[in-house]
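These are the residues of each chain, in order.
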Amino acid sequence: MTEPPARLAGGVGDADVVVALDVGGTGMKCALVSPDGRTVHSERHPTDAARGPDAVVDTILAVAEGLAGKARADGRNPVALGVAVPGIVDEARGVAVWSANIGFRDVPLRDLAVARLGLPTTLGHDVRVGGVAEARLGAGRGAGHVLFVAIGTGIAAAHVVDGSADVGAHGAAGEFGHILVRPNGPRCGCGRPGCLEAVASAAAVGRRYAELAGAPATAAEVAERAAAGEPLAARVWQDTVDALADGLATAQALFDVATVVVGGGLAQAGAQLLDPLRAALRERMTFHREPALVPAALGDEAGCLGAALLALDAVGVPTTVEKR
Ligand SMILES: [Zn+2]
């Protein structure tokens, strides 16, 4: 028997770490995170979702087990496991209810992990935990009320209050991409025309430009051409900004946040996106207070860090990360 690692007065052992995994459609980001929000070790593995959900679950558990073993070998004490997945997540039951890009349908990931690793496990939604990390460790730090918006292939958001994200009654809060902004607009993947995601996601920007220009382009290329003054690209970019501002105005009417943190692929455009978006949002504010609009600070590590924070919260290990 080895002695348990020493604990500090506040209950946080200086050797404590959380095993954290952020599972995406193509890859998983994995880390050992200390209670102060520091990544002490990180790894990346392919998800290879085409193998089917059972194989993906097996990889998740094997990678998590490997990380817990690595922690122990390094003299650390793995206290919990936090896993983030996309789609619809029932956080209370620890079930990945539905995830199109991984093929998950009612996978009881938390119970499977507890059975295999024997560690308290938390399952979270990738964007929601990313929002928690940005609110507590990143660009929303100190704001208290934060809306994290991830604009990539799709669009999703997390409403974070004092460090905790709203999950919703059915695990589906934050579907910002499916706010109706253009009733006669392009059809969304969800089946309805005019969702924000169908107009302003990175995928939609590329698609819209390709339709008008008759040649394929990525959202990054559209941004570049708009910056260079190409009229067609500038028009598509402005339409995108306007649709996002419509969506954010709705969100601000509902949530009255102090700060909106914008992340995801489209946010790589930086000031080219945020400056006109800020102006367009300001035009749409009447009596509502304008939120600060800032770029995300944690990049693609947000999911992993957020999964770790959620796991720490669940096991009651006090983090030294302020909740607001
Ligand atoms: Zn939709």
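Each value, and the rule that gives it
Residues numbered from 1 in each chain as written. Predicted model: local features only at pLDDT ≥ 70, side-chain atom pairs only at ≥ 80, totals over all residues. Heavy atoms only, no water. Pairing = 2+ DSSP bridges. Helix = DSSP H or I, 4+ residues; strand = E, 2+ residues; numbered from the N terminus. Axes fitted to C-alpha atoms, helices over the stretch in contact; angles between N-to-C directions. Contact = heavy atoms within 4.5 Å. Expected span 1.5 Å × (residues − 1). Right-handed = clockwise from strand over helix to strand, strands pointing away.

**Considerations on the sheet that holds strand β8 (residues 121–125)**
Then, in step 1: What the five strands build is an open sheet, ordered β3-β2-β1-β4-β8; its pairing is mixed. The sheet terminates laterally at β3 (39–46) and β8, the two strands that pair on one side only. The average undirected angle you get between the axes of adjacent strands in this sheet is 20°.
Then, in step 2: For strand β2 (residues 27–33) and β3, the ladder comprises seven bridges, and the chain directions are antiparallel. When the sheet's bridge partners are listed, valine 33 is paired in β3 with threonine 39.
Then, in step 3: On the sheet, helix α1 (residues 53–73) packs against β1 (16–23), β2, β3 and β4 (77–85) and is oriented at approximately 155° with respect to β1.

**Description of helix α8 (residues 271–284)**
Three- or four-residue spacings in an α-helix give side chains the same orientation, since the helix completes a turn every 3.6 residues.
Then, in step 1: In this model α8 runs 19 Å from its N-terminal to its C-terminal C-alpha over 14 residues, within 8% of the 20 Å that 1.5 Å per residue would give.
Then, in step 2: Turning to α8, the residues buried within the fold contact β9 (145–151), α7 (231–255), β12 (259–263) and β13 (292–295).

**Some points on the pairing of β13**
Then, in step 1: Inspection of the sheet shows β12 paired to β13 by four bridges, in the parallel sense. Opposite valine 260, over in β13, you have leucine 293 as the bridge partner.
Then, in step 2: Between the parallel elements β12 and β13, the chain passes through α8 in a crossover that is right-handed.

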